[in-house]
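Here are the chains, one letter per residue:
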Amino acid sequence: QVQLVESGGGLVQAGGSLRLSCAAAGRIVSSYTMAWFRQAPGKEREFVAGISGSGTDTYYVDSVKGRFTISRDNAKNTVYLQMNSLKPEDTAVYYCAADRVNFREKNTYAFGSWGRGTQVTVSS
């Protein structure tokens, strides 16, 4: 398994931006798909974005397309989520996940490594 630690969450006004980071340790992760999920209070955890091991392929849930960008720096074992034009409905705990799966994988059960999450709160 891979140890993952998220950072960068916080409180921001609607229309603002945040950049989340996920640092991986314990294993070289260049062969792993990395993904971001989020979970709002009372809701199931949902897929947000995924990126292939090389970083050349990305995939997004429709609700964040054009606003969020996932990227990775394998030299630093870090994946990022740049979030722009944030909306109150983006409020959630954001989790980083990793595994040897397709970069379009959206199911939580497919990922074996998870971080503890970082809170993102968007005020209206």
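Everything discussed here concerns the structure shown above.
Quick notes on the rules
Residues numbered from 1 in each chain as written. Predicted model: local features only at pLDDT ≥ 70, side-chain atom pairs only at ≥ 80, totals over all residues. Heavy atoms only, no water. Salt bridge = Lys/Arg side-chain N within 4 Å of Asp/Glu carboxyl O. Buried < 20%, exposed > 50% of the residue type's maximum accessible area, 1.4 Å probe, protein only. Helix = DSSP H or I, 4+ residues; strand = E, 2+ residues; numbered from the N terminus. Disulfide = S-S within 2.5 Å.

Caption draft 1: Here's a closer look at the pattern of salt bridges. The tally for this structure, following the rule as stated, stands at four salt bridges. Where Glu46 meets Arg38, a salt bridge forms, and the shortest distance between an N and an O atom there is 2.7 Å. Take Glu46: its relative accessible area is 34%, and that puts it in the partly exposed class. Among the ionic pairs, Asp90 bridges to Arg38, the shortest N-O distance being 2.9 Å. Taken together, the residues span a long stretch of sequence, with Asp90 in the loop between strand S8 (78–83) and strand S9 (92–99) and Arg38 in strand S4 (residues 33–39) at a distance of 52 residues. Bridged by salt links that share partners, the residues Arg38, Glu46, Arg67 and Asp90 form one connected network.

Caption draft 2: Expanded view of the state of the cysteines. A complete count under the given rule lists one disulfide for this structure. Cys22 shares a disulfide with Cys96; S-S distance 2.1 Å. Between Cys22 and Cys96 the sulfur-sulfur dihedral comes to about -80 degrees; the bridge is accordingly left-handed. Of the two residues, Cys22 is situated in strand S3 (residues 18–25) and Cys96 in strand S9; the sequence distance between them amounts to 74 residues. Each member of the pair, Cys22 as well as Cys96, carries the same accessibility label: buried.

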